[in-house]
Amino acid sequence: MNSGKSVNLCHMLWRILPFVGIAIWGVFCITDNLGYDEAYTAALISHPVGELVQITAQDVHAPFYYILLKGFSSLCDAVTFFAPEGSHFWQLKLFSLVFMTAYLLLGKYMVKRLFDEETAVFFMLFSLLMPSMGVQAGNVRMYAMGLFFFTAAGLLACDILRASTGKKWILFTICGIGSVYSHTFSMIQTFLLYLILLGALLWQKRYTLLGMYAGSGLLVSVCYMFWLRILYRQMQERIGSMSQALAPTIYTPIDYCTDWFSDPLAPSTLAVYLGIGLTVAVGYYAVGHMRRAGDYAAAWAMGIMGLTTVIGHLLSYRVASGFMGRYVFFGFGGLALWYALGMKEIRSRRARAAVGMLFFLCFAVQYRSELQIEYDDGLEQYQAFYEENIEPEDMILASSIHSLYLNVYHPDRPYMVYGSLPAFSPFHNTTVFRQWEQLADVEGDIWFFALDSLQAPDFSPHYQSECVLTFRYMTLDFRIYRLIPLR
């Protein structure tokens, strides 16, 4: 009787968990709140495709995600009865939710086919409970898309090793192309996946499949060759422009873990340390399951994540000092499988309940923080101030590109950036402020947007600054000054 009830509960969860995911993650996709990177994306896709590609060629990411997002946004804009007047960004966040839902469906159907229904349920459940999944579900960046493509490629590789067909190789190749074009580090993870697949084919002495493998790898390489040349040039430029490499400290591993098990914008110490402990504890059972079953797919997936972290850390010495823990997020489907296999191996109901409660605690703590960020009233304060005080003939002067990003809410008016502006800036109607004569023709007021963490420059003897608004938005503290001419 109890066994039958467990089977029925498992099947019910298998059916409903993707819908639960839409409900849990969907709340992050109905606001206009954008962080700097998200605003960068929103500004970038407002350019024609040709300009979009040119801008990305000067930055670090391939244009694939941005082009798809631009098409999706245009499609949503065509549904005019959903689009309110003014700037709206729900469709950009919805694009990430679409890929996260597709990722859950991979767990529902492919993990079930490769393992069983119980493993599929745990895979989806732990995906929903991992704080980093919720962070990326409504993030206007390429992480959800890369997670889907790389997870699909990894599961297809497992499927090919069990029973190879031409259809599987075609799908594997398509997902490989999507993965390498999602992000530089998803490209690295895809390369490692191909190496592991080659090793598995040789270990199993399935030499007849090497032709299909070579064809798939060659096609992915040829498709990526266009962007690889640009990526190589970008890396060379970064090597030449680096003044000091990022030196690791005792805190560097914790910084990575904060990205993996929490959110750097709203870090939870509890979630980070519980996440580390649960990964090790559940991993003990996952290893036992893999040794008993003779299937080490989850271990190889964790190995890819580990190697990617090492590669990124080493690249931060030689190329760019900006490697972050979230750059391995594309492999988190493997982490979900690691958890699922470990949970399946735990036989005690009490132990399972304890593990589940600890995972839920991590989820609840971080979910609350994410809701506070997503629904803070900083944007409302800024918009109310803007509508009441800033006129079309006024000039907005930003302290840097990071305070300039509020441009996305009113992109049609002129802006200036104090000091310098990167060549890859996508923000519209912006010029660089270098001399006071540039402000001579401004007929209205001059407003200076700055971050509270940076000291405002001295505008004397030309202007006196008066702080008129302070507000907190997306964990950043903004200050708006009115510049009063000194005559």
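Use the structure listed above.
Remember, it's a predicted structure, so these values are computed and weren't measured experimentally.

Thresholds applied
- Residues numbered from 1 in each chain as written.
- Predicted model: local features only at pLDDT ≥ 70, side-chain atom pairs only at ≥ 80, totals over all residues.
- Heavy atoms only, no water.
- Disulfide = S-S within 2.5 Å.
- Buried < 20%, exposed > 50% of the residue type's maximum accessible area, 1.4 Å probe, protein only.
- Patch = residues over 30% accessible without salt bridge, like charges linked within 9 Å, V, L, I, M, F, W, Y side chains within 5 Å.
- Areas by Shrake-Rupley, 256 points an atom, 1.4 Å probe, with all protein chains shown as cover.
- Salt bridge = Lys/Arg side-chain N within 4 Å of Asp/Glu carboxyl O.
- Helix = DSSP H or I, 4+ residues; strand = E, 2+ residues; numbered from the N terminus.
- Pairing = 2+ DSSP bridges.
- Axes fitted to C-alpha atoms, helices over the stretch in contact; angles between N-to-C directions.
- Contact = heavy atoms within 4.5 Å.
- Phe/Tyr/Trp six-rings, centres within 6.5 Å; stacked < 30°, edge-to-face > 60°.
- Lys NZ or Arg CZ within 6 Å of the ring centre and 35° of its normal.
- Expected span 1.5 Å × (residues − 1).
- Arc of directions from axis to C-beta.
- Core = buried A, V, L, I, M, F, W, Y, C linked by side-chain atoms within 4.5 Å.

Undergrad: So, the state of the cysteines: which residues are in play, and what are the values?
TA: Scanning the entire structure with this criterion turns up zero disulfides. There is no disulfide at Cys362, and the cysteine sulfur nearest it, in Cys257, is 12 Å away. On the basis of relative accessibility, which here comes to 4%, the residue Cys362 falls in the buried class.

Undergrad: Lay out a nonpolar patch on the surface with the relevant residues and their values.
TA: A cluster of nonpolar side chains, namely Leu9, Met12, Ile16, Phe19 and Ile22, defines an oily patch on the protein surface of about 460 Å² accessible area. Mapping Phe19 onto the fold places it in helix H1 (residues 2–26). The exposure class of Phe19 is exposed, given its relative accessible area of 58%.

Undergrad: Kindly report on the sheet that holds strand E6 (residues 476–485), identifying the contributing residues and their values.
TA: With mixed pairing, the six strands of this open sheet are ordered in space as E3-E2-E1-E4-E6-E5. Each edge of the open sheet is held by one strand with a lone partner, namely strand E3 (430–433) and strand E5 (463–473). Averaged over all pairs of adjacent strands, the angle between their axes in this sheet comes to 30°, without regard to strand direction. Direction of pairing for strand E1 (residues 395–398) relative to strand E2 (residues 415–418): parallel, over a ladder of three bridges. In the strand pairing of E2, Ala398 is matched with Val417. Helix H17 (residues 378–389) contacts E1, strand E4 (446–451), E5 and E6 of the sheet and is inclined by roughly 145° relative to E5.

Undergrad: Can you explain the pattern of salt bridges? Please cite residues and give values.
TA: Counted by the stated rule, this structure contains twelve salt bridges. Lys112 is the salt-bridge partner of Glu117, the closest N and O atoms lying 3.1 Å from each other. Accessibility expressed as a relative area gives 16% for Glu117, which makes it buried. Residue Lys112 is classed as partly exposed on the basis of its relative accessible area of 30%. The partner of Asp116 in a salt bridge is Lys344, with the nearest N and O atoms 2.1 Å apart. Separated by 228 residues along the polypeptide, Asp116 in the loop between helix H5 (90–114) and helix H6 (117–129) and Lys344 in helix H15 (residues 332–345) bring together distant segments of the chain. Overlapping salt bridges bring together Arg113, Asp159 and Lys168 as one network.

Undergrad: Residue-level account of the packing of aromatic side chains, with values.
TA: Overall, the coordinates contain 47 aromatic pairs when judged by the stated rule. Ring centres of Tyr36 and Tyr405 lie 6.0 Å apart, and the angle between their planes is 75°; on these two criteria the pair is classed as edge-to-face. Here the residue Tyr36 occupies a position in helix H2 (residues 36–44), and Tyr405 occupies one in the loop between helix H18 (401–404) and E2, the gap between them amounting to 369 residues. The pair Tyr36 / Tyr405 is uniform in exposure class, with both members buried. The interplanar angle of 65° and the centroid separation of 5.2 Å between the aromatic rings of Phe433 and Trp436 together place this pair among those described as edge-to-face. The exposure class assigned to Phe433 is buried, which follows from its relative accessible area of 5%. A relative accessible area of 24% places Trp436 in the partly exposed class. Of the aromatic side chains, those joined through ring pairs into one cluster are Tyr36, Phe89, Tyr382, Tyr386, Tyr405, Tyr409, Phe427, Phe449, Phe471, Tyr473 and Phe478. Lying across the ring of Phe115, Arg162 places its NZ or CZ 5.3 Å from the centre.

Undergrad: Outline unusual backbone geometry, supporting the account with residue identities and numerical values.
TA: Its identity as a non-glycine residue notwithstanding, Lys205 has a phi of 55°, on the positive side. Looking at the element boundaries, Lys205 is found in the loop between helix H10 (184–203) and helix H11 (210–241). Lys205 sits in the exposed class, given a relative accessible area of 60%. Within the chain, Met474 stands out as a residue other than glycine whose phi angle is a positive 55°. As for its position among the elements, Met474 is in the loop between E5 and E6. Look at Met474 and you get buried, because its relative accessible area is 7%.

Undergrad: Give me the lowdown on H17, citing residues and values where you can.
TA: Turn by turn, an α-helix covers 3.6 residues, leaving residues three or four places apart pointing in a common direction. In this model, H17 (twelve residues) spans 16 Å end to end at C-alpha, consistent with the 16 Å of a helix rising 1.5 Å per residue. Turning to H17, its buried residues number three or more, namely Gly378, Leu379, Tyr382, Phe385 and Tyr386. Viewed end-on, H17 has its buried residues packed into an arc of 130°, placing them on one side of the element. Relative to its buried face, H17 has exposed residues pointing more than 90 degrees away, namely Glu380, Glu387 and Glu388.

Undergrad: Can you explain the nonpolar core? Please cite residues and give values.
TA: By size, the foremost hydrophobic cluster in this structure holds 146 residues, and its most contacted members are Trp25, Leu34, Met133, Phe172, Phe332, Tyr339 and Tyr473. For this core, the element with the highest residue contribution is helix H8 (residues 143–162), accounting for 14 residues. Beyond its immediate sequence surroundings of up to four residues, Phe172 is in contact with Ala153, Leu156, Ala157, Ile160, Leu193, Tyr194, Leu197 and Ser216. In terms of nonpolar packing, the next biggest core, distinct from the first, is built from twelve residues, Phe448, Phe459, Tyr481 and Leu483 among them.

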